[in-house]
Amino acid sequence: ELHAVDARRVVEARDVLADGVRRAAYARESAPPEEFARMEARKLEDERRAEERRVRLARQSPLLARASRVSELVQRGKAALAEGRFAAAANDLQLAQGLDPQNREIAALAADARKKAGAAKGVEIFRTALEAEALGNAMGALAGFRDALEADPTNARAAAHGVKAAARLGDL
């Protein structure tokens, strides 16, 4: 004859064993160290095999491969943006946009990356033009200021220096 306490324990045990998540937690908590190590090794092996299956499926399915490639390019592009590598971000996001032209998020990210890459390139060219100007190379400086403006049309300093350099050369 089962007492009420024993019956409650049996019901609790049944509930734990019937629920996969709770059963796994119970097994982890109550397993001897050797069994726990085996469970962890099995879990790692299962994850490795699952990844192999995903890779194999991606090779066999062009649509899945394309989606995987887009995802990889977007992740790389976002990471490059966060690290300030705007040209690399623009390249990756432009490729992703080419593979998935309907995706508005990718289009917005690509546009932002292109804008930031242009601004960064403009600043770099502007500094080179300033160096040319400081060395007395007026033609090189003017060409540099124009290139800086072409890379980043919002660079007001490049515009101002370019106008001054053009005026000095009589090239207005």
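Structural data are supplied above this passage.
Residues numbered from 1 in each chain as written. Predicted model: local features only at pLDDT ≥ 70, side-chain atom pairs only at ≥ 80, totals over all residues. Heavy atoms only, no water.

**Student:** I'm lost on the nonpolar core in this one. Help?
**Tutor:** With 14 residues, the main nonpolar core has Val74, Leu81, Leu93, Ala96 and Ala113 as its most contacted residues. In terms of nonpolar packing, the next biggest core, distinct from the first, is built from 11 residues, Ala132, Ala141, Ala148 and Ala165 among them. (Core = buried A, V, L, I, M, F, W, Y, C linked by side-chain atoms within 4.5 Å. Buried < 20%, exposed > 50% of the residue type's maximum accessible area, 1.4 Å probe, protein only.)

**Student:** Just to check I follow, could you spell out the side chain of Asp152 for this structure?
**Tutor:** Along the polypeptide, Asp152 turns up in the loop between helix 7 (138-151) and helix 8 (156-169). Here Asp152 sits buried without a salt bridge, and the closest side chain of opposite charge, Lys115, lies 7.9 Å off (N-O distance). A polar atom in the side chain of Asp152 sits 2.6 Å from the side chain of Thr154. When residues no more than four places from it in sequence are discounted, the contact partners of Asp152 are Gly118, Ala119 and Gly122. (Helix = DSSP H or I, 4+ residues; strand = E, 2+ residues; numbered from the N terminus. Lys, Arg positive; Asp, Glu negative; His and termini not counted. Salt bridge = Lys/Arg side-chain N within 4 Å of Asp/Glu carboxyl O. Polar contact = N/O pair within 3.5 Å; in protein donor to acceptor, adjacent residues only side chain to side chain. Contact = heavy atoms within 4.5 Å.)

**Student:** I would appreciate a short explanation of the side chain of Gln97 in the present structure.
**Tutor:** Locating Gln97 in the fold gives a position in helix 5 (residues 86-99). Gln97 gets classed as buried once you look at its relative accessible area, which sits at 19%. With residues near it in sequence (within four places) discarded, Gln97 still touches Ile106, Ala107, Ala110 and Arg114.

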